Amino acid sequence: MSVEVEPMLNQADAPAAEAAEAPAEPRKKGSGRLGNLLKLGITVGVSAYVLWQAGLADSLRTLAGADWRWVALAAVSATVAMVINVKRWQVMLAGQGDDASLGTLTRLYLIASFFNNVLPSRFAGDVVRAYGASINVTSRTRSAVAVIMDRLIGAISVLLLGAFAVIVNPSVIPFQLSEVLFLGLAVGLLVVAVLTLRTPWHDKAHHLLALFERLPVVGKRLSGRVQTAARAVRAYAGRPGLLLWALLISMVANGISIVNIYWYAVAVGANVRLAEAAVVVPVVLAVGLLPISINGLGTIELTFVLLLGLLGVDPEVALAVAILRRLVLLGQSLVGGILYSARRFG
């Protein structure tokens, strides 16, 4: 697809874009079921291992003695971080010329968080918020592109912080995780560059798009959707300022996440400094991006236990920190469930 700089799409384009969209090809149920079974197996297996290593009873006793004032403060800061992430999503929608209020997007984000916890897919929330935005703000394809770009920028900010953590304190981060962090960062930057920077390859992509439209059946059914997606991506081309602004917003949100997880640690008496939390948390967030378990359940907790353990924190205390974080996120998702029950996406 061509990425030559074009004026931002405006709201008047949305009806035409919506009309051009064709129904998506049905997914193969067998492959999706197998993937969900694998995720379920990993979730159950890793969670069981973490509970065996840390001891659930010991972790619950640790939680019983927690200072809940620190937990409340951390919960408030987690909510602030969430709203800042919503602001990043708003910026990506505005990059296409779509105007959405922060309140509307926050409601959709909370609803998406709810579905992330009740559906097995790691990206269920992204699908839900793209669908919700398509009802309230823009067309389906433009909404999906904005969510994809938002997810890419968010992932890059997490991986960037993780890479920095490895450079600052390589002894804390296992070598295998370091490799994943740097590889993921390189891939994320490459994808954003391919989508938004003008190169000779884009002219070839434009010709490939034309050939795609000539394909029998598939080309006719999907050409409108592909053209709409290409126009949506072109809205970000030649606009590094917008992407850098979104990245800065994301870095601020991740910085607040570091502080609120540090406060969870303080609440349960973990002997961790803020500087040490700044090394551990980006890696935890990066592991959470991996779609290998249901909503990161088990894998995130294992990462907490391993990395905090390297800092001298007992396994049951590290698991208590992970449980507090999980409980606060579940609380946010429950708010999303209530909002969905009350108004659906309207």
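Residues numbered from 1 in each chain as written. Predicted model: local features only at pLDDT ≥ 70, side-chain atom pairs only at ≥ 80, totals over all residues. Heavy atoms only, no water.

### Notes on the overall build of the protein chain
For the protein chain, the count of helices and strands is 14 helices and 0 strands. In sequence order, the secondary structure elements of the protein chain are arranged as α-α-α-α-α-α-α-α-α-α-α-α-α-α. Among the 346 residues that make up the protein chain, the fraction classed as buried is 49%. Long-range pairs, those at least 24 residues apart, make up 79% of the contacts in the protein chain with a sequence separation of at least 6. Carbon together with sulfur atoms contributes 70% to the accessible area of the protein chain, which is approximately 16,600 Å² in total. (Helix = DSSP H or I, 4+ residues; strand = E, 2+ residues; numbered from the N terminus. Buried < 20%, exposed > 50% of the residue type's maximum accessible area, 1.4 Å probe, protein only. Contact = heavy atoms within 4.5 Å. Areas by Shrake-Rupley, 256 points an atom, 1.4 Å probe, with all protein chains shown as cover.)

### Quick look at the packing of aromatic side chains
Two measures describe an aromatic ring pair: the distance that separates the ring centres and the angle between the ring planes. As enumerated under the stated definition, the model contains 4 aromatic pairs in all. Note on Phe-114 and Phe-115: the rings are 5.4 Å apart at their centroids and 80° apart in plane angle, and the pair reads as edge-to-face. Phe-114 sits in the partly exposed class, given a relative accessible area of 22%. A ring pair is formed by Phe-115 and Tyr-340, whose centres lie 5.1 Å apart and whose planes are at 85°; its orientation type is edge-to-face. (Phe/Tyr/Trp six-rings, centres within 6.5 Å; stacked < 30°, edge-to-face > 60°.)

### Thoughts on the layout of surface pockets
Considered as a void within the structure, the second largest pocket measures approximately 420 Å³ in volume. What lines the second largest pocket is a set of 20 residues, and nearest its centre among them are Ala-155, Leu-159, Gly-184, Leu-289 and Leu-290. The leading source of residues in the lining of the second largest pocket is helix α8 (residues 175-196), at 8 residues. Looking at the lining of the second largest pocket residue by residue, the classes come out as 17 nonpolar, 2 polar and 1 charged. (1 Å grid on protein atoms, 1.4 Å probe; cavity = no way out; pocket = protein on both sides within 12 Å on 5 of 7 lines; lining within 4 Å. Points joined across faces, edges and corners; volume = space filled by probe spheres on them. Nonpolar A, V, L, I, M, F, W, Y, C, P; charged D, E, K, R; others polar.)

### Focus on the pattern of salt bridges
Tallied over the entire structure, the rule returns 9 salt bridges. Residue Arg-69 is joined to Asp-67 by a salt bridge in which the shortest nitrogen-to-oxygen separation is 3.0 Å. For Arg-69, a relative accessible area of 68% gives the class exposed. Residue Asp-67 is classed as partly exposed on the basis of its relative accessible area of 22%. Residues Asp-150 and Arg-88 are paired through a salt bridge, measuring 2.7 Å at the closest nitrogen-oxygen approach. One end of the pair, Asp-150, is in helix α7 (residues 140-168); the other, Arg-88, is in helix α4 (residues 68-94), and 62 residues separate them in sequence. One exposure class covers both Asp-150 and Arg-88, and it is buried. Salt bridges linked by common partners bring Arg-88, Asp-126, Arg-129, Asp-150 and Arg-151 together as one network. (Salt bridge = Lys/Arg side-chain N within 4 Å of Asp/Glu carboxyl O.)

### Here we look at unusual backbone geometry
With a phi close to 55°, Asn-295 is a non-glycine residue in the positive phi region. As for its position among the elements, Asn-295 is in the loop between α12 (274-289) and α13 (299-310).

### Describing the nonpolar core
Core analysis: the largest hydrophobic core is formed by 88 residues, its most contacted members being Val-268 and Leu-308. The residues touching Leu-308, leaving out its near neighbours within four places in the chain, are Val-272, Val-280, Thr-303, Val-313, Ala-318 and Val-321. (Core = buried A, V, L, I, M, F, W, Y, C linked by side-chain atoms within 4.5 Å.)

### Section: the side chain of Ser-250
If you trace the backbone, Ser-250 turns up in helix α11 (residues 240-267). Excluding residues within four positions of it along the chain, Ser-250 makes contact with Asn-85, Arg-88, Ile-153, Gly-154 and Ser-157.

### Looking at the side chain of Ser-178
Mapped onto the secondary structure, Ser-178 falls in helix α8. Discounting chain neighbours no more than four positions away, the residues touching Ser-178 are Val-166 and Ile-173.

### Some remarks on α13
An ideal rise of 1.5 Å per residue puts 16 Å on 12 residues; α13 measures up with 17 Å between its terminal C-alpha atoms. If you check which residues of α13 are buried, you get Thr-299, Ile-300, Glu-301, Thr-303, Phe-304, Val-305, Leu-307 and Leu-308. Following α13 by one or two positions, Gly-312 adopts a phi angle in the positive range, close to 90°. (Expected span 1.5 Å × (residues − 1).)

### Re empty space enclosed by the protein
The gaps left among the atoms become clear once a water-sized probe is rolled over them. All chains considered together, the criterion is met by 2 cavities of 30 Å³ or more. Its volume calculated, the second largest cavity comes out at about 60 Å³. Along its surface, the second largest cavity is lined by Ile-261, Tyr-262, Ala-265, Val-272, Ala-277, Val-280, Val-281, Phe-304, Leu-308 and Val-321. Breaking the lining of the second largest cavity down by element, the ones donating at least two residues are α11, α12 and α13. When the residues that make up the lining of the second largest cavity are grouped by side-chain class, the tally is 10 nonpolar, no polar and no charged.

### A word on a nonpolar patch on the surface
Together, Ile-42, Val-180, Leu-290 and Ile-292 line one region of the surface with nonpolar side chains, adding up to about 280 Å² of accessible area. Structurally, Ile-292 is set in the loop between α12 and α13. Taking the relative accessible area as the measure of exposure, Ile-292 reaches 38% and is therefore partly exposed. (Patch = residues over 30% accessible without salt bridge, like charges linked within 9 Å, V, L, I, M, F, W, Y side chains within 5 Å.)

### A word on helix α5 (residues 102-118)
Along its 17 residues, α5 runs 25 Å from first to last C-alpha, staying within 8% of the 24 Å computed at 1.5 Å per residue. Buried within α5 are the following residues: Leu-105, Thr-106, Arg-107, Leu-108, Tyr-109, Leu-110, Ile-111, Ala-112, Ser-113, Phe-115 and Asn-116. Lining the buried residues of α5 we find α4, α6 (124-136) and α14 (315-343).

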